Amino acid sequence: DRQIHRFWKIVASFDKKQQADLLRFVTSCERPPPLGFGSLNPPFTIQRVAIMMDSDKLPTASTCFNILKLPTYSSEKVMRERLLYSIQSGAGFELT
């Protein structure tokens, strides 16, 4: 799938901080699992969200299920911008 390929290409270009922000955004965990992503339970999942226009939606996550809800953006550039905006916005909840 082109959208999923774009996503992983973008993630590969992220620095360590951005990758950690993405992990926290999707899983609410600050560090990768000690046994790797294959040990995540439930597994990390990308759910494509159909949109008509790039401005329709930002990426969201269901942290209890480790699901990234990723809109079907028109380009890699737009996906990267929207993804970074979402993961770096600081929105969400904190467990203390």
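What you are looking at is a predicted structure, and each value in this text was computed from that prediction instead of being measured. Counting starts from 1 at the beginning of each chain's written sequence and moves along it residue by residue. The model is predicted, so local features are restricted to residues of pLDDT at least 70 and side-chain atom pairs to those at 80 or more, both for listing and for counting; the totals for chains, interfaces and linings are taken over all residues. With hydrogens and water set aside, each side-chain value is computed from the structure's full complement of heavy atoms.

1. Focus on the sheet that holds strand β3 (residues 67-71)
At step 1: The mixed open sheet is built from three strands, whose spatial order is β1-β3-β2. The open sheet has two edge strands, β1 (45-49) and β2 (60-62), and neither has a second partner. Strand-to-strand twist in this sheet, taken as the mean axis angle between neighbours without regard to direction, amounts to 25°.
At step 2: In this scheme, strands are said to pair when DSSP sees at least two bridges between them. We count a stretch as a helix when DSSP gives it H or I for four or more residues in a row; a strand needs E for two or more, and each element gets its number in order from the N terminus. Relative to β3, β2 runs antiparallel, the two being bridged by three bridges. Among the inter-strand pairings, Ser 62 is bridged to a residue of β3, identified as Ile 67.
At step 3: Packed onto the sheet, helix α2 (residues 16-27) meets β2 and β3 and runs at close to 55° relative to β2. Working convention: axes come from line fits to C-alpha atoms, limited for helices to the stretch in contact. Angles between N-to-C directions cover 0 to 180 degrees. The criterion used for residue contact is that any of the two residues' heavy atoms lie within 4.5 Å.

2. Observations concerning unusual backbone geometry
At step 1: Going from Asn 41 to Pro 42, the amide bond is cis rather than trans, its omega being 0°.
At step 2: Not every positive phi belongs to a glycine, and Asn 66 is a case in point at roughly 55°.

3. Observations regarding the environment of Ile 46
At step 1: By the element assignment, Ile 46 lies in strand β1.
At step 2: Three labels apply to residues, based on accessible area from a 1.4 Å probe with only protein chains included: buried if under 20% of the type maximum, exposed if over 50%, partly exposed otherwise in between. Assessed through its relative accessible area of 19%, Ile 46 is described here as buried.
At step 3: Residues in contact with Ile 46, not counting those within four places in the same chain, are Ile 4, Phe 7, Trp 8, Leu 68 and Leu 70.

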